[in-house]
Each structure stands twice: as structure tokens, then as C-alpha cells.
Amino acid sequence: MTRPIQIQTRRYRSSEWFYGRDELGFQNRSALRSIGVDVDRYQGRPVIGIANSWSELNNCNITLRDVAEAVKRGVLAAGALPLEFPTISLGEEFTKPSAMLYRNLMAMDVEEMLRSNPIDAVVLLSNCDKTGPAQLMGAASANLPAIQVNAGPRAPFEWRGEQIGSGTDLWKYWDQFRTGQISEEQWRELEHCMSCSQGACNVMGTASTMSAMAEALGMMLPGTSTIDATDPDRLIAAEAAGRRIVALAETNLRPSDIMTPAAFDNAVRVLLAIGGSTNAILHLIAIAGRLGYTLPLARFDELGSTTPCLANLKPSGVHLVRQFHLSGGVPALMQTIEHHLDTTCLTITSQTVAANLANANVTDPDVIRPLTNPVLGAGALAVLTGNLAPLGAVIKVSAASPNLLVHEGPALVFSDYEDMLARIESPDLEVAADTVLVLQNCGPRGVPGMPEWGAIPIPAKLQRQGVTDMVRLSDARMSGTSYGTVVLHVCPEAAAGGLLALVQTGDRIKLDVPNRRLDLLVAPEVLATRQPKPRPRTHLRGYPRLYTDHVLQADEGCDFDFLRPRTEEELVFVPPIVGRS
Ligand code: FES
């Protein structure tokens, strides 16, 4: 029996679509009915979008269909209408040259889907590295109430009795395979072990780091980012998020109410305390930029000087994310550094950080170390400046070799990634343990998309001599699962006129992490005689063209210039919802 439509007070945004008496209301109600929704039943209730980045092109997000169903159960239980929609999904494994090239595209997709559809609040389903930050960037710009739910890490796997961490141990065994220390047969065995479960990389790589950042920012239910992808608790947490988002829609608590400057400081503190991925620096800067905040690179260093690294997790330590979860996860870690946090920040629980942490507890002090026994006393991530990086460069100190943190050596320059691949394994390569490996033209504009090429392999001839780490430097990024003395994000990049483009093989380079310096020791008058080699523009049209024309440098998070609000008016701009489609 069809009930007459009651004109709603415009409590929810979606009412503009569904509850008019005019032909547009008719049309929209009819469209909803055509997908099997009894419109009348949800009158006066919010519509909850479920932005799902499930994709068979993204193995790390493959469990998100089940997660979406659990979220729907929660939304329905709270009496609201869930509407799921797909978004672009970015898998680190398949997307070339780099998922980072498409992070901004996914962020635009999320923002515009939220803006253009009858959605009052949204649950964002993420997992692999770029999906989390892209969703937070889009949700920050759309500024509708939002909760992020990740799919979680893979269950740990073993090879010949040893627990294997995704990525981190892959790099280790790849080096052993390259140098003949393990056989072809063992290498194939490892391939099977690496893919024996579903979910994200199970070390503190970029995916786990960004999910921890969502928790620390207050955008994810506390304690949920670290639940294994295949643990039933994952679905229970998703259902809880479904119930919670309805409450957020009712109170209209928005990302801009939660992701405040103080919340970003909290996230940076947690990033440092977990020894998280360098990629998180770019993503946090980009998310903050969407809300009109400048999060300078220097802030990471300022907060780093008093924040210990406490999470003993690969690649900075020895454990995996499962052990971190069982030891209390992000809430327990946050409680340990509570004196460094602004615990008055509001979160998607509608409670403060302090209230969320009230029952947190570290259960294994070897996994989440006490303040008296840190993995690293301070500065897990360091920001460097100097003539080679006047706008900054970063290094993950917690995963570097202490004996290389102050180092001077001759440069061996690779003009791009192809050049590096072509020469790095050559037995004739003139390289020694003190050489600084330099990779040019791999920054945001250079490739484009700033791929994770910064952890240049140690030349096999040196590996055979027992060299396991060298100073490496580039304008590229590095996988969050990688380790080594690797200077990244050199800014400005070579392709944007940075001094990096002028470095030549044999030049001396000095890295001084304690003093936060990175310098090319070549006289200015010599540099004045050098010109960067012109490089052909490789992307003449389409999205890569848009990207190279508008991408900001690493110190500004590699967002597009036109996606960041430049004025107060742009920050609060909401397009009117009128007219026909
Ligand atoms: Fe997807 Fe690591 S490759 S989370």
C-alpha cells in the first residue's frame, strides 16, 4: 500500500532528491523503487553511501564485498538506507607506473560521487596503500559525515618455519635470489607463501600506516585498523561502523569537525611512534590541504624530536601487524604516548580521543615498547634540507643503518629508472660501498606519478662482498615495506628544476641526518656551468597530461593545485542541488 508522500523538513540532504511533490521527486523516488527500495519505509531517514573500492584488479581489497555487506547490516539495523557504489580502486601490484599517479583521480572520483548523489553520510571502504588517503582527501573536500573502514592486513604466513612479512621479506629474499643464495625452486615456493591469505601487506607498510592514520585522525573506529582481513571481528567492526555512521548523519558531525590541525598533529605523532611509511607524509599533507590547512614538512621533524618510535614492527622492527593488534593496536600505542597527544580532539565515536583510550592497554611490551625501552628514542622519520633539497627530503631513520646516517661519498648517477635497471647489475659498474646511488627524474612530474623506485637495489657485485646497505637518494618514493638508508622525496624534483638534475657521477654528496642536512659538495661556479639534460615530454594528453600540468611538489603532498581550496570561499563552497539530471 503506497502512503502519500510527506513533505519533509529538509533535515537531510537526500530529502532534496526524494521528498519533493514535483516531478523531480517523483522521478527520483521511482528510480529508487526500480532498484527494489521501498522509498516510503525510509522517509525521514538518512541515506548512507558505501564507497567500495573492491576490485579484482586490487588483490588487497578483495574482501571488501563482505565488508560492505556487514556495513549494510549495521546501517539497516540503525534504520537508515545504505546505497553502495563502486569507486576507482588502486592496487599497488598491478597499477603502473604507480598507483600514486592515480591517487588524485580516485580522490576526485570519491568527492564528486558524494557531491552529486543523494548521500547524507558515507562509509569509505579502503585497504591498499592509495585507497585510504584518496578516500579521506575526497571525503574531506565533500565534507559529508564519513567513517573509514579498512579491509585489514593479511594473516601472517610462514616459509620453512620463518614468519614472512609481505614486502619487507620479499625484498630480503629477492636480494638472496639475485645473488644466488636461494634457488629457483625456493623462490617459487616463496611465491606461494606470500599469497596464502587475503588483505593488505601485514607489516607496517603504507596500507597499515594509512589505516592507523585514519584511526589517529579520528576517522576510523578505535582499535579496528589492525584486525586481520579474514578475522570475523573484521565484519563485526564493519557492522558497528554501519550503525555509527547513522548517528553521525543524524548529528551532522563532519570530517572538518574531526580532522583539525590538532588531529593532524596527533596523527603525525602516531606515525612517528609506529615507525610508519614515508608515504604517509605525502598523504597527510594532502588530506590537510583539502581542509585548508598547511602541514609543513618541518612539523614532522618538530614532533619527531620528542616522539619515540615504540612499535617493534617490520620494516623498522621484528613483528607483524597481527602481533601489534593482539598487543592493543593503535589505541594502546596512543595511550602510551598520550602525554604527547591532544586528547580533547573529537572523533567519529562522537567521543574525544581521551574517552576512546580509556580502556586501552598494552599486553605485549616487546611489540609496543614502553617509553623506557623504545625501538628508537626519537625521530623515526627525519626531514632534511640543504642545497640538494631546499624544499626538503625525507628519510626513514628507524629503517636505516645507523652507521650511514652521517656519510660522505661519491655519487653514481642514474638519469632515470630505465638507466638504473640497465646498469645496476653490470659487473663493470664502477661502484663501491661508500658510493651514493643517485636516481634522477622519478618525482611527481618526472615519470609522472613519483613511483616507489627510491630503494635502488644494492648492486649484486657489492652484495656478494657482503654490502647490505648504501646511501641512496632520489626524488622518488619508497614502498612502506622497504628499508635501508634511502633519502626520498627530494624537492624540488629533477624534472621541476631541482639541483638533483645537475648531479654528475663523481660529485661528492654529504648526508648528515643528525643535523638534518643533505648537500651536494660542488662549487656554485661549477654548478653554474651545468645544464639539465632536456627530456622529452612523454604524456601529451589525457589524465597523465592533467597530472603533470597540475601536480604539486612533494612538500605539498602531490595534490593537484586546483583541488586545494585557496580561499575561505572555496573552502566552504557547496554546489547547489537543483534541476534535472
Ligand atoms: Fe596492497 Fe601492500 S600491496 S597493501
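Residues numbered from 1 in each chain as written. Predicted model: local features only at pLDDT ≥ 70, side-chain atom pairs only at ≥ 80, totals over all residues. Heavy atoms only, no water.

(A) Layout of the pairing of strand E12 (residues 486-491). The buried count for E12 comes to six of six residues, which makes it a mostly enclosed element. When strand E8 (residues 392-396) meets E12, the two strands line up antiparallel, connected through three bridges. Opposite Gly 392, over in E12, you have Cys 491 as the bridge partner. Examined bridge by bridge, strand E11 (residues 472-474) and E12 share two bridges and lie parallel to one another. (Buried < 20%, exposed > 50% of the residue type's maximum accessible area, 1.4 Å probe, protein only. Helix = DSSP H or I, 4+ residues; strand = E, 2+ residues; numbered from the N terminus. Pairing = 2+ DSSP bridges.)

(B) Main features of empty space enclosed by the protein. Counting across every chain of the model gives five cavities of 30 Å³ or more. Every residue lining the largest cavity is listed: Glu 215, Ala 216, Gly 218, Met 220, Pro 222, Pro 331, Met 334, Thr 347, Thr 349, Val 353, Asn 356 and Leu 357. The set of elements that each furnish at least two residues to the lining of the largest cavity consists of helix H8 (206-217), helix H15 (329-336) and helix H16 (353-356). Considering only residue class, the lining of the largest cavity consists of seven nonpolar, four polar and one charged. Put simply, the second largest cavity is a space of about 50 Å³. Every residue lining the second largest cavity is listed: Ser 126, Asn 127, Cys 128, Asp 129, Gly 132, Pro 133, Leu 136, Gln 148, Ala 207, Met 210 and Ser 211. For the lining of the second largest cavity, the secondary-structure elements that each account for two or more residues are helix H5 (131-142) and H8. (1 Å grid on protein atoms, 1.4 Å probe; cavity = no way out; pocket = protein on both sides within 12 Å on 5 of 7 lines; lining within 4 Å. Points joined across faces, edges and corners; volume = space filled by probe spheres on them. Nonpolar A, V, L, I, M, F, W, Y, C, P; charged D, E, K, R; others polar.)

(C) Layout of the packing of aromatic side chains. What the rule picks out here adds up to twelve aromatic pairs. Summarising the aromatic geometry, the rings of Tyr 543 and Tyr 547 are spaced 6.2 Å apart at their centres and angled 55° between planes, so their arrangement reads as tilted. Taken together, the residues Tyr 543 and Tyr 547, both in helix H20 (residues 542-550) and four residues apart, mark about one turn of the helix. Here Tyr 543 and Tyr 547 have matching classes, each one buried. Residues Tyr 543 and Phe 560 carry aromatic rings whose centres are separated by 6.1 Å and whose planes lie at 55° to one another, so their mutual orientation is tilted. On the criterion of sequence distance, the pair formed by Tyr 543 in helix H20 and Phe 560 in the loop between H20 and helix H21 (568-572) is long-range, its members being 17 residues apart. As far as burial versus exposure is concerned, Tyr 543 and Phe 560 are alike and both buried. Members of the aromatic cluster, joined through ring pairs, are Tyr 102, Tyr 543, Tyr 547, Phe 560 and Phe 562. We note Arg 65 situated over the ring of Trp 54; from NZ or CZ to the ring centre the distance is 3.6 Å. (Phe/Tyr/Trp six-rings, centres within 6.5 Å; stacked < 30°, edge-to-face > 60°. Lys NZ or Arg CZ within 6 Å of the ring centre and 35° of its normal.)

(D) Spotlight on the environment of Gln 135. Relative to the helices and strands, Gln 135 resides in helix H5. Spatially, the C-alpha atom of Gln 135 lies 9.8 Å from that of Val 123, the residues being twelve residues apart in sequence. Contacts of Gln 135, omitting those with residues within four sequence positions, involve Ala 51, Ser 53, Met 106, Val 110, Leu 124, Leu 125, Ser 126 and Gln 148. (Contact = heavy atoms within 4.5 Å.)

(E) Representation of the nonpolar core in the model. Of all hydrophobic cores here, the largest spans 97 residues; its most connected members are Leu 284 and Phe 324. Among the elements that make up this core, the one with the highest residue count is helix H11 (residues 261-274) (nine residues). Apart from residues lying up to four places away in sequence, Phe 324 is in contact with Met 204, Thr 226, Ile 274, Ala 311, Leu 313, Gly 329, Val 330, Leu 333, Val 367 and Ile 368. (Core = buried A, V, L, I, M, F, W, Y, C linked by side-chain atoms within 4.5 Å.)

(F) View of the pattern of salt bridges. Taken as a whole, this structure holds 32 salt bridges when the rule is applied. When the shortest N-O distance is used, the salt bridge between Glu 408 and Arg 508 registers 2.8 Å. On the criterion of sequence distance, the pair formed by Glu 408 in strand E9 (residues 406-414) and Arg 508 in strand E13 (residues 508-512) is long-range, its members being 100 residues apart. Judged by relative accessible area, which is 35%, Arg 508 ranks as partly exposed. Residue Arg 530 is joined to Asp 507 by a salt bridge in which the shortest nitrogen-to-oxygen separation is 2.7 Å. Placement of Arg 530 in the loop between helix H19 (524-527) and H20 and of Asp 507 in the loop between E12 and E13 is noted, with a sequence separation of 23 residues between them. Each member of the pair, Arg 530 as well as Asp 507, carries the same accessibility label: buried. (Salt bridge = Lys/Arg side-chain N within 4 Å of Asp/Glu carboxyl O.)

(G) Local environment of the sheet that holds strand E7 (residues 381-384). Taken together, the eight strands give an open sheet; going across it, the order is E7-E8-E12-E11-E10-E9-E13-E14, and neighbouring strands pair in mixed fashion. Looking at which strands have only one partner, the edges of the open sheet turn out to be E7 and strand E14 (517-520). Between one strand axis and the next, the sheet turns by 25° as a mean value, whatever way the strands run. Summarising the sheet, E9 and strand E10 (residues 436-439) pair through four bridges and their orientation is parallel. Bridge pairing links Phe 414 to Leu 439 in E10. (Axes fitted to C-alpha atoms, helices over the stretch in contact; angles between N-to-C directions.)

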